[in-house]
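Residues per chain, in single letters:
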Amino acid sequence: MILVTGGAGFIGSHFVLDWFEQKSEPIVNLDALTYAGNPANLAPLQGNSNHALIKGDIGDSALVESLLQTHKPRAIVNFAAESHVDRSIHGPGDFIQTNIVGTFRLLESVRAYWGALPDADKNAFRFLHISTDEVYGSLAPTDAPFSETHRYEPNSPYSASKAASDHLVRAYHHTYGLPVLTTNCSNNYGPLHFPEKLIPLCIHNALTGKPLPIYGDGQQVRDWLYVRDHCSAIRRVLEAGKVGEVYNVGGWNEKPNLDVVRTLCRVLDELSPRSDNKSYTEQITYVKDRPGHDRRYAIDASKIERELGWRPAETFESGIRKTVRWYLDNAAWVESVTSGAYKNWTAKQYA
Ligand code: NAD
Ligand code: TYD
């Protein structure tokens, strides 16, 4: 079996759902169920005895050690993190705690467990750490996209905390021999995405008649990766990645934010037109820029293609249509995650 952390969040829950669409190997899913963790994401697995969701912190060494001893996983996939840049600007403390201290404690628990395994299990064991392209910092318009050897230049408390966790993972391989793998991916999008990030926020705001907030001039560039493509990449790295290596995962979809939001509006105009028949683009509103806003991220995903034969299946157009369709069909999910504390967040962030 494998131990997944943060598997009730956006990417982690897709990974778990996708896993059981491919195979039956059991998963123990350890998730602190912060505001971003949602057991409802895993509803299709109700009654599946191969999946167990455990509420708990990756930094709770006693809990993690007991899970490791009880279930004896052959691999760990570590998604657990605080993940939203804007929240890290308002309050970096939780990011330091989970992304740095939590990852450190998890690595310590795993090192003790792995060290006591018989040789064959020890060799086959993998610790796969999920990270981000944001650790590489910001690119100029004509710079080559990030390769795995690009230097680390994190600019936000979020990316700095992820960079620190990547360094710890690397050090546990070089110092203790822990068989680690790291993936650094670009911006994911798709169903089940919490509506604090650009794409789900804009879909939600469009449908509820609110402004679509564009930070600064909207010309910041991100690479967009459909979440299920990311899941297939992680499965591939887990099965065939070379121990100690880093793999960049991207969608080959570099786009300025304004283009992303305009595309979203076009798809919404088609699938769920406004009652006044005007375009949702009317709701686009320029707001104050994010402090320290990185101008451009771009991923060179050729290593994972060359060495592991992985390429994304979705284009941005196909992925965004699936995404918009899902949000239109799942209003109850959106309603459940946008009541209560979510309102406090949007009031603070978009005041
Ligand atoms: P998310 O915020 O949706 O989910 C994070 C999950 O981790 C939640 O379920 C949360 O409850 C859980 N969690 C938080 N702190 C925890 C702790 N201390 N112990 C156990 N569980 C805890 O994030 P996501 O978008 O699914 O991202 C998953 C991973 O992928 C993160 O490591 C993130 O840095 C990385 N990543 C995300 C993106 C993206 O576009 N979403 C891009 C690059 C990398
Ligand atoms: P986001 O989804 O927060 O991801 P990240 O900061 O990790 O890239 O933001 C994606 C881009 O969209 C980023 O350049 C910031 C911008 N953005 C807006 O313009 N308005 C918004 O309301 C949000 C949340 C993001």
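Quick note: structure is the one above.
Every value quoted in this text rests on a predicted model; they were computed, and no experiment measured them. (Residues numbered from 1 in each chain as written. Chains lettered and ligands numbered in written order. Predicted model: local features only at pLDDT ≥ 70, side-chain atom pairs only at ≥ 80, totals over all residues. Heavy atoms only, no water.)

Draft legend 1. Highlighting the sheet that holds strand β11 (residues 254-256). Strand order in the open sheet made by the 3 strands is β7-β9-β11, with mixed pairing throughout. Looking at which strands have only one partner, the edges of the open sheet turn out to be β7 (187-189) and β11. The average undirected angle you get between the axes of adjacent strands in this sheet is 50°. Relative to β11, helix α9 (residues 257-271) is tilted by about 90°, and along the sheet it contacts β9 (221-226) and β11. (Pairing = 2+ DSSP bridges. Helix = DSSP H or I, 4+ residues; strand = E, 2+ residues; numbered from the N terminus. Axes fitted to C-alpha atoms, helices over the stretch in contact; angles between N-to-C directions. Contact = heavy atoms within 4.5 Å.)

Draft legend 2. Expanded view of helix α8 (residues 227-240). The end-to-end C-alpha distance of α8 is 20 Å, a good match for the 20 Å that 14 residues give at a rise of 1.5 Å each. For α8, the full list of buried residues reads Val227, Asp229, His230, Cys231, Ala233, Ile234, Arg235, Val237 and Leu238. (Expected span 1.5 Å × (residues − 1). Buried < 20%, exposed > 50% of the residue type's maximum accessible area, 1.4 Å probe, protein only.)

Draft legend 3. Molecular detail of helix α2 (residues 61-71). Within α2, burial applies to Val64, Leu67 and Leu68. Buried residues of α2, seen end-on, are gathered within an arc of 95° and therefore sit on one face of the element. Facing away from the buried side of α2, by more than 90 degrees, are the exposed residues Ala62 and Thr70. For α2, the elements touching its buried residues are β1 (2-5), β2 (27-31), β3 (51-55), β4 (75-78) and α4 (93-115). In the stretch just after α2, lysine 72 is the one whose phi turns positive, near 50°. (Arc of directions from axis to C-beta.)

Draft legend 4. The arrangement of the sheet that holds β1 in detail. Read across the open sheet, the 7 strands follow the order β3-β2-β1-β4-β5-β6-β10; overall the sheet is parallel. Looking at strand neighbours, the two that pair on one side only are β3 and β10 (246-249), the edges of this open sheet. The mean angle between the axes of side-by-side strands here comes to 20°, regardless of whether they run parallel or antiparallel. Taken together, the 4 bridges between β4 and strand β5 (residues 126-132) define a ladder with parallel strand orientation. If you follow asparagine 78 over to β5, its bridge partner there is histidine 129. In the packing of α2 onto the sheet, the strands contacted are β1, β2, β3 and β4, and the crossing angle to β2 comes to about 175°.

Draft legend 5. Seen up close, the pattern of salt bridges. In this structure the tally under the stated criterion is 20 salt bridges. Put simply, glutamate 108 and arginine 111 hold a salt bridge, and the shortest N to O gap is 3.1 Å. Taken together, the residues span about one helical turn, with glutamate 108 and arginine 111 both in helix α4 at a distance of 3 residues. Residue glutamate 314 is joined to lysine 322 by a salt bridge in which the shortest nitrogen-to-oxygen separation is 2.4 Å. Look at glutamate 314 and you get buried, because its relative accessible area is 16%. If you follow the salt bridges from partner to partner, you end up with Asp18, Glu21, Arg228 and Arg235 in one network. (Salt bridge = Lys/Arg side-chain N within 4 Å of Asp/Glu carboxyl O.)

Draft legend 6. A look at the pairing of β9. With 6 of its 6 residues buried, β9 lies for the most part within the structure. Along β9, one buried face is formed by Val221, Asp223 and Leu225 and the opposite face, lined by Arg222, Trp224 and Tyr226, is buried too. In this structure, β7 lies alongside β9, joined through 3 bridges in parallel fashion. Opposite asparagine 188, over in β9, you have leucine 225 as the bridge partner. Where β9 and β11 come together, 3 bridges link them in antiparallel fashion. Looking at the pairing, aspartate 223 lines up with glutamate 254 of β11.

Draft legend 7. Quick peek at the state of the cysteines. Scanning all chains against the criterion turns up 0 disulfides. Cysteine cysteine 231 remains unbridged, with the sulfur of cysteine 185 as its closest cysteine sulfur at 10.0 Å. Taking relative accessible area as the criterion, cysteine 231 reaches 0% and is therefore assigned buried. Considering cysteine sulfurs only, cysteine 202 is the nearest to cysteine 265, which forms no disulfide, with 7.4 Å between them. (Disulfide = S-S within 2.5 Å.)

Draft legend 8. How the structure looks around the packing of aromatic side chains. On inspection of all chains with the given rule, the structure shows 17 aromatic pairs. By the ring-pair criterion, three or more aromatic residues cluster together here, those being Tyr136, Phe146, Tyr152 and Tyr297. Its guanidinium or amino end placed over the ring of tyrosine 35, arginine 87 lies 3.7 Å from that ring's centre, counting from NZ or CZ. (Phe/Tyr/Trp six-rings, centres within 6.5 Å; stacked < 30°, edge-to-face > 60°. Lys NZ or Arg CZ within 6 Å of the ring centre and 35° of its normal.)

Draft legend 9. A look at the site of ligand 1. Ligand 1 sits among 28 residues. The nearest are Ile11, Asp31, Ser83, Tyr158 and Lys162. For ligand 1, whose accessible area on its own is 830 Å², the fraction buried by protein is 96%. Elements represented by at least two residues in the shell around ligand 1 include exactly α1 (10-22), β5, α6 (157-176) and β7. Sorting elements by how many residues they give to the shell around ligand 1 places β5 first, with 3 residues. In the shell around ligand 1, the residues fall into 13 nonpolar, 12 polar and 3 charged. (Near = heavy atom within 4 Å. Areas by Shrake-Rupley, 256 points an atom, 1.4 Å probe, with all protein chains shown as cover. Nonpolar A, V, L, I, M, F, W, Y, C, P; charged D, E, K, R; others polar.)

Draft legend 10. Geometry of the packing of α4 against α6. Interaxial distance between α4 and α6 falls to 8 Å at its minimum, and their mutual angle equals 15°. The angle between the axes of α4 and α6 places the two elements in the roughly parallel class. Between α4 and α6 lies a crossing whose hand is right-handed. Between α4, through Phe95, Ile96, Asn99, Ile100, Thr103, Phe104, Leu107, Glu108, Arg111 and Trp114, and α6, the contact on the second element is made entirely by Tyr158, Ser161, Lys162, Ala164, Ser165, Leu168, Val169, Tyr172 and Tyr176. (Parallel < 35°, antiparallel > 145°, perpendicular 65-115°, else oblique. Left-handed = near helix turned anticlockwise from the far one by under 90°.)

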